[in-house]
Every structure is written in C-alpha cells, then in structure tokens.
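A look at the structure
So you can see what is in the structure, the chains are spelled out below.
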Amino acid sequence: MASSHPGSAQSRTSSLGSASSRSSSTPPSSAGKRVGPQNKKPAADAKMTTASRTQKPSDRLNPKTIDPFSAGSKSQSAFASVYANGGVPCRLVHGSVKHKLAWDTPPDLVPFDPVLVTLAEGLKETVHPYTFVSFMGFKELLDAPGAAQKATPLLPKLAPPIRAALSHPDSEVFERGMECLLRLSSVVGPALNAYLKTFLMALSKRIMEKKYKEKVTESLQHLEQNGGKEVLPIIKSKVPTYCSIFG
C-alpha cells in the first residue's frame, strides 16, 4: 500500500503539468490575429481607399490655388497680404468659361499710386488667384482713360517689380511680365526708354532659348517702335544680333 502513493502522486503531477502547459500555450494562428503589423494594414488600406475616393479627376486640371483670406496665407507675400486686407479694389469673379475682375472702384478712378505698383509687385506670384488678379488688374488699369499721365511718374517704382517678373525662373511669370512690359510701353511711349536697360538683361537671356526667341524678338521690336530710333543703340548694347525695324 505504501509503495502505491509515490506513483499516483507522480501521475497527478504529470497530468497537472500537461494541463498547465496546454492552458498556457497559445496557438500560433490566434497569436498572429492578436498582435503583429498585419492588423494595421487594413486600416492603412482603408485610408488610402478613402483618399482616392475623395480625389476628383478635375483636381488635376485646377491651378495651384490658395485661399487669400485664410490666416496662413496672409503672410505668404506682400501682395497676398495687401490683397487679403482689401488693398486692391477688385475681386475675382469665377465664370463658367473664364474668370474676370469686378472693380469696387472704376479703374479710371483708382489711385495708380499705390494700386498699379502693388499689382506690378504681384506679377511674380505663382499661385491662383494672385496670378490672375495682378496680371489682369495691371492691364485693365493701363487701359483706363488717363493711364499715361498717371503711370509715367510711377516708372521708377514700376521698373523693379517688372524686372523681377522677367527674371523669374517660372516661365509663366516671365510671360506675364513681358506682356505687361509691352502694355506699359504702349501707354507711356518714349518715357520708358530710360528704364529699358533694366529689362534687357532678362530679355537677352530668354532670347537664347528656342521657345522664346521669336517672342522676345517681337517684344524688342515693339519696344523700339514705341520708343523711337533712340532705342536701337540701347537694345544693341544687350542684344548685339538685334536688327532694327527702321532698316
């Protein structure tokens, strides 16, 4: 009888040990479901799917746009700050085909100093609506009655921002600057001659590009026509290959 107790105790201990090991062990499949990076993938995939659903195909066709009245955009540039605070008396009107400007004050009554200068400074902007407002606003003010008398005294202030637009690496900024320069030349005529060297350095660099060779040549001809024969030596000093329209 005494010899049977150790065996039964050992058997009980062995059975308890095996039961304990079975209860403490976790099947690999269930452990994989509880922990591991695999559980995070569905959530990430869901976020990507949601983002793709919210993105519209037309988003790729829209220009780079910024809200001019948001707190973060007010400090982006001087022009953005002035525009957001109502310093430019016009607003952008979105049309179904193209945009236009609506002036709070008729352009012929707008004070060219400082509004025309502010618009010239905005020519180097690269985001909408600043690109459109500065470009169209500058041209529409110069189309207003009496623009020549108002713009001519401001040439010392207008020349630096137009030169900055012509020297900008962004091709669209350069093109807007060149068109506004030609519009200004048509309005003030020979009065612009004293400032031509300010612009010719940037134009001489672009004329070396095949894309702009013809456009820049036509612009130089336009400047010569508006400025008279005294413009030729000024252009020749920066663009020696230029041929006069006067023969």
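All values derive from a computational prediction rather than experimental measurement.

1. Quick notes on the overall build of the protein
Looking only at helices and strands, the protein has twelve helices and two strands in total. Secondary structure elements of the protein occur, N-terminal to C-terminal, as α-α-α-α-β-β-α-α-α-α-α-α-α-α. A separation threshold of at least 6 residues defines the contact pool for the protein, and within that pool the share at least 24 residues apart is 63%.

2. Some points on the nonpolar core
Grouped together as the largest cluster of nonpolar side chains are 57 residues, with contacts concentrated most on Phe138, Leu158, Leu166, Leu184, Leu192, Leu203 and Leu220. The element that contributes the greatest number of residues to this core is helix α9 (residues 171–188), accounting for eight residues. Aside from chain neighbours lying at most four places away, what touches Phe138 is Leu116, Leu119, Ala120, Val133, Leu158, Ile162 and Cys180.

3. A short note on the packing of aromatic side chains
As enumerated under the stated definition, the model contains four aromatic pairs in all. Ring geometry for Phe79 against Tyr130: centres 6.1 Å apart, planes inclined by 90 degrees, an arrangement best described as edge-to-face. Taken together, the positions of Phe79 in helix α4 (residues 78–84) and Tyr130 in helix α6 (residues 130–142) put the pair 51 residues apart, joining distant regions of the chain. Taking the centre distance of 5.0 Å and the plane angle of 75 degrees together, the rings of Phe174 and Tyr212 count as edge-to-face. Residue Phe174 is located in helix α9, and its partner Tyr212 is located in the loop between α10 (196–206) and α11 (213–227); the two are separated by 38 residues in the primary sequence. The pair Phe174 / Tyr212 is uniform in exposure class, with both members buried. Put simply, the rings of Phe79, Tyr83 and Tyr130 touch in pairs and so form one group of aromatic residues.

4. Considering the pairing of strand β1 (residues 90–93)
By the alternation rule, side chains of β1 split into Cys90 and Leu92, which are all buried, and Arg91 and Val93, of which none is buried. With four bridges connecting them, β1 and strand β2 (residues 100–103) associate as antiparallel partners. Across the sheet, residue Arg91 finds its bridge partner in β2, namely Ala102.

5. Focus on the confidence of the model for the protein
Residues at a pLDDT of 70 or more form 69% of the protein, whose mean pLDDT is 80. Low confidence marks residues 57–63, where pLDDT is under 50. Its contacts with residues over four positions away, or in another chain, come to one contact.

6. A closer look at α11
Its 15 residues give α11 an end-to-end C-alpha distance of 21 Å, which sits within 8% of 21 Å, the value for a rise of 1.5 Å per residue. Of the surrounding secondary structure, the elements contacted by the buried residues of α11 are α9, α10 and α12 (231–238). Taken from the residues just after α11, Gly228 is the one with a positive phi, measuring 95 degrees.

7. Here's the deal with the pattern of salt bridges
Enumeration over the complete set of coordinates arrives at five salt bridges. Its salt-bridge partner being Asp104, residue Arg91 comes within 2.8 Å of it at the nearest N-O pair. In this pair, Arg91 sits in strand β1 while Asp104 sits in the loop between β2 and α5 (112–121), placing the two residues 13 residues apart along the sequence. Owing to a relative accessible area of 46%, Arg91 belongs among the partly exposed residues under this scheme. The partner of Arg183 in a salt bridge is Asp143, with the nearest N and O atoms 3.0 Å apart. Placement of the pair is Arg183 in helix α9 and Asp143 in the loop between α6 and α7 (147–151), with a sequence separation of 40 residues.

8. Topic: the packing of α10 against α11
As a packed pair, α10 and α11 sit with axes 9 Å apart at the nearest point and diverge in direction by 160 degrees. When the axes of α10 and α11 are compared, the pair comes out roughly antiparallel. Taken as a pair, α10 and α11 cross one another with a handedness that is left-handed. Along its contact with α10, which presents Leu196, Leu200, Leu203 and Arg206, the element α11 presents Lys213, Val216, Leu220 and Leu223. When grouped by side-chain class, the residues that make up the contact of α10 with α11 number six nonpolar, no polar and two charged.

9. Things to note about the environment of Pro106
Within the fold, Pro106 resides in the loop between β2 and α5. Overall, the relative accessible area of 39% leaves Pro106 in the partly exposed class. With 16 residues separating them along the chain, Pro106 and Cys90 place their C-alpha atoms 9.3 Å apart.

About the thresholds
- Residues numbered from 1 in each chain as written.
- Predicted model: local features only at pLDDT ≥ 70, side-chain atom pairs only at ≥ 80, totals over all residues.
- Heavy atoms only, no water.
- Helix = DSSP H or I, 4+ residues; strand = E, 2+ residues; numbered from the N terminus.
- Contact = heavy atoms within 4.5 Å.
- Core = buried A, V, L, I, M, F, W, Y, C linked by side-chain atoms within 4.5 Å.
- Buried < 20%, exposed > 50% of the residue type's maximum accessible area, 1.4 Å probe, protein only.
- Phe/Tyr/Trp six-rings, centres within 6.5 Å; stacked < 30°, edge-to-face > 60°.
- Pairing = 2+ DSSP bridges.
- pLDDT = per-residue confidence, 0-100.
- Expected span 1.5 Å × (residues − 1).
- Salt bridge = Lys/Arg side-chain N within 4 Å of Asp/Glu carboxyl O.
- Axes fitted to C-alpha atoms, helices over the stretch in contact; angles between N-to-C directions.
- Parallel < 35°, antiparallel > 145°, perpendicular 65-115°, else oblique.
- Left-handed = near helix turned anticlockwise from the far one by under 90°.
- Nonpolar A, V, L, I, M, F, W, Y, C, P; charged D, E, K, R; others polar.

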